[in-house]
Amino acid sequence: MRSILAVLAAVALTLVFFFVGQAPAGDPDAGEALASGCASCHGSDGIAAVDRYPSLAGQNGEYLFRAMRAYQKGNRRGGQATVMHGQVSGLSEQELRDLAAYYAAMPRTGAAE
Ligand code: HEC
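Keep in mind the model is a prediction, meaning the values are calculated, not measured.

Engineer: I'm lost on the site of the ligand in this one. Help?
Structural biologist: Among the 22 residues in the neighbourhood of the ligand, the closest are listed as C38, C41, H42, Y63 and M84. A distance of 2.7 Å separates an oxygen atom of the ligand from a polar atom in the side chain of Y71. Here R76 contributes a side-chain N or O atom positioned 2.8 Å from an oxygen atom of the ligand. When each cavity is represented as a set of grid points, the ligand is found to reside in the largest pocket. For the shell around the ligand, the elements supplying multiple residues, two or more each, are α3 (39-42), α4 (61-73), α5 (81-88) and α6 (93-104). Sorting elements by how many residues they give to the shell around the ligand places α4 first, with 5 residues. Residues of the shell around the ligand, tallied by class, amount to 15 nonpolar, 6 polar and 1 charged.

In structure tokens:
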């Protein structure tokens, strides 16, 4: 009986750590408040007007987050990565997730919602 309780406690603790360890979800509204400086290159609708900048609207959120994280850590280099390193260097992980959620929620066409 005792060992069964110990196993149950271990399973419960594992589940707690699993869910606590999950990445926090991004908040698109919080992302919008952070994105005013991004619009000059990536467009206010997430569609870049200038050809050398990527459009972000409707891209997968986890991908956007990982891309920004990689610029921040210096793991994504070459091309114009230094531009983006400067843009995201002062942002927290939650802020990156919020920005990713904001752009991921935009329609890919760039049409106003
Ligand atoms: C001065 C122009 C400029 C500004 C401002 C800017 N970016 Fe960028 N961004 C770029 C360029 C250029 C790239 C491509 C860099 C490369 O060559 O890897 C890029 C790439 C990205 C990518 C990766 C896209 C992909 O498809 O892999 C994301 C995500 C991104 N920017 C988000 C942001 C966010 C969020 C902000 C505001 C906090 C921001 N950018 C501000 C120019 C800019």
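Engineer: Would you explain the coordination of the iron atom of the ligand in this entry?
Structural biologist: Think of it this way: four donors in a tetrahedron around the metal ideally sit 109.5 degrees apart, and six in an octahedron ideally sit 90 or 180 degrees apart. Only H42 (NE2) and M84 (SD) from the protein coordinate the iron atom of the ligand, and they sit 2.0 to 2.1 Å from it. Of note is the iron atom of the ligand, whose 6 donor atoms meet at the metal with angles of 86 to 178 degrees in an arrangement that counts as octahedral. Of the two residues, H42 is situated in helix α3 and M84 in helix α5; the sequence distance between them amounts to 42 residues. With respect to class, H42 is no different from M84; both count as buried.

The rules we used
Residues numbered from 1 in each chain as written. Predicted model: local features only at pLDDT ≥ 70, side-chain atom pairs only at ≥ 80, totals over all residues. Heavy atoms only, no water. Near = heavy atom within 4 Å. Polar contact = N/O pair within 3.5 Å; in protein donor to acceptor, adjacent residues only side chain to side chain. 1 Å grid on protein atoms, 1.4 Å probe; cavity = no way out; pocket = protein on both sides within 12 Å on 5 of 7 lines; lining within 4 Å. Sits in = over half its atoms within 2 Å of the grid points. Helix = DSSP H or I, 4+ residues; strand = E, 2+ residues; numbered from the N terminus. Nonpolar A, V, L, I, M, F, W, Y, C, P; charged D, E, K, R; others polar. Donors = N, O, S within 2.8 Å, 3.2 Å for Na, K, Ca; no water. Tetrahedral: all angles 85-135°; square planar, octahedral: opposite > 155°, others 65-115°. Buried < 20%, exposed > 50% of the residue type's maximum accessible area, 1.4 Å probe, protein only.

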